[in-house]
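Inside the fold
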Amino acid sequence: MEEKNSGRNRWLHIRLTKEEFEQIDRNFKASACRKRSDFVRRNLLRKPIVMKYRNESLDKLLQELIQLRTQLNFMGNNFNQSVKKLHTLFEISDFRIWILAFDSDRKKYFSLVEEIKKHIEILAQKWLQS
């Protein structure tokens, strides 16, 4: 959503101390304004400024979900490698070896999926309580 220039052709130059600039910059970064000039203009004209809000209680939830996604990606990559290997097999003995190896991998995958499901259920319960 691009803000129209609306005929802004006047410049306002001001000088600031390092501390003043750093304070304005900190406030700008904590706001939802995309441009510093927009932030300063809103301050000068006493218009409302939307500040970013961070729900810190969800930080741990987000970390755990990232770990779960990483585990799922790992499982998906291993599964893809197994299937690619299946497509390169030509002899029955190779198929038997692949089936045995894949069966053990499949058991690991399903146990990890069950663990992830339980973890997601625990996280959902925690989130619903807050």
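Our subject in this report is the structure included herewith. Since the structure is predicted, the reported quantities are computational estimates derived from the model, not experimental observations. (Residues numbered from 1 in each chain as written. Predicted model: local features only at pLDDT ≥ 70, side-chain atom pairs only at ≥ 80, totals over all residues. Heavy atoms only, no water.)

Here's the deal with the overall build of the protein
The number of helices and strands found in the protein is 4 helices and 0 strands. Secondary structure of the protein in N-to-C order comes out as α-α-α-α. Expressed as a percentage of the 130 residues in the protein, the buried residues total 13%. Considering only intrachain contacts with a sequence separation of at least 6, the fraction spanning at least 24 residues in the protein is 41%. Here the protein has roughly 12000 Å² of accessible surface; of this, 57% comes from carbon and sulfur atoms. Side-chain charges in the protein split into 27 positive and 17 negative, and the spacing between the mean points of these groups amounts to 7 Å. (Helix = DSSP H or I, 4+ residues; strand = E, 2+ residues; numbered from the N terminus. Buried < 20%, exposed > 50% of the residue type's maximum accessible area, 1.4 Å probe, protein only. Contact = heavy atoms within 4.5 Å. Areas by Shrake-Rupley, 256 points an atom, 1.4 Å probe, with all protein chains shown as cover. Lys, Arg positive; Asp, Glu negative; His and termini not counted. Charge placed at Lys NZ, Arg CZ, Asp CG, Glu CD.)

So, the packing of aromatic side chains
Inspection of every chain in the model, using the stated rule, returns 2 aromatic pairs. Summarising the aromatic geometry, the rings of Phe79 and Phe102 are spaced 5.8 Å apart at their centres and angled 50° between planes, so their arrangement reads as tilted. Highlighted residues: Phe79 in helix H3 (residues 57–87) and Phe102 in helix H4 (residues 92–129), separated in sequence by 23 residues. Using a relative accessible area of 36% as the deciding quantity, one classes Phe79 as partly exposed. (Phe/Tyr/Trp six-rings, centres within 6.5 Å; stacked < 30°, edge-to-face > 60°.)

Examining the side chain of Ser31
Locating Ser31 in the fold gives a position in the loop between helix H1 (18–30) and helix H2 (36–44). Under the relative-accessibility criterion, Ser31 is labelled buried at 1%. Residue contacts for Ser31: discarding those within four places in its chain leaves Phe39, Ile49, Val50, Met51 and Lys52.

Some thoughts on the nonpolar core
Listed in full, the 6 residues of the largest apolar core are Leu61, Leu68, Met75, Tyr109, Ile116 and Leu123. Those elements that provide at least two residues to this core are H3 and H4. (Core = buried A, V, L, I, M, F, W, Y, C linked by side-chain atoms within 4.5 Å.)

Focus on the pattern of salt bridges
Taken as a whole and assessed by the stated rule, the structure comprises 8 salt bridges. Of the charged contacts in the structure, one is a salt bridge between Arg36 and Asp25, with a shortest N-O distance of 2.5 Å. Taken together, the residues span a long stretch of sequence, with Arg36 in helix H2 and Asp25 in helix H1 at a distance of 11 residues. On the basis of relative accessibility, which here comes to 33%, the residue Arg36 falls in the partly exposed class. By relative accessible area, which is 12% here, Asp25 ends up buried. Note that Lys117 is salt-bridged to Glu114, the shortest N-O span being 3.6 Å. Placement of both Lys117 and Glu114 in helix H4 is noted, with a separation of 3 residues, approximately one turn of the helix. (Salt bridge = Lys/Arg side-chain N within 4 Å of Asp/Glu carboxyl O.)

Some remarks on the packing of H1 against H2
When two helices pack together, their arrangement is given by the angle between the helix axes and by the axis-to-axis distance. Where H1 meets H2, the closest approach of the two axes is 10 Å, and the angle between their N-to-C directions is 100°. In this view, H1 runs roughly perpendicular relative to H2, as classed from their interaxial angle. Contact residues: Phe21, Ile24, Asp25, Asn27 and Phe28 in H1; Arg36, Phe39 and Val40 in H2. Class assignment for the residues of the contact of H1 with H2 results in 5 nonpolar, 1 polar and 2 charged. (Axes fitted to C-alpha atoms, helices over the stretch in contact; angles between N-to-C directions. Parallel < 35°, antiparallel > 145°, perpendicular 65-115°, else oblique. Nonpolar A, V, L, I, M, F, W, Y, C, P; charged D, E, K, R; others polar.)

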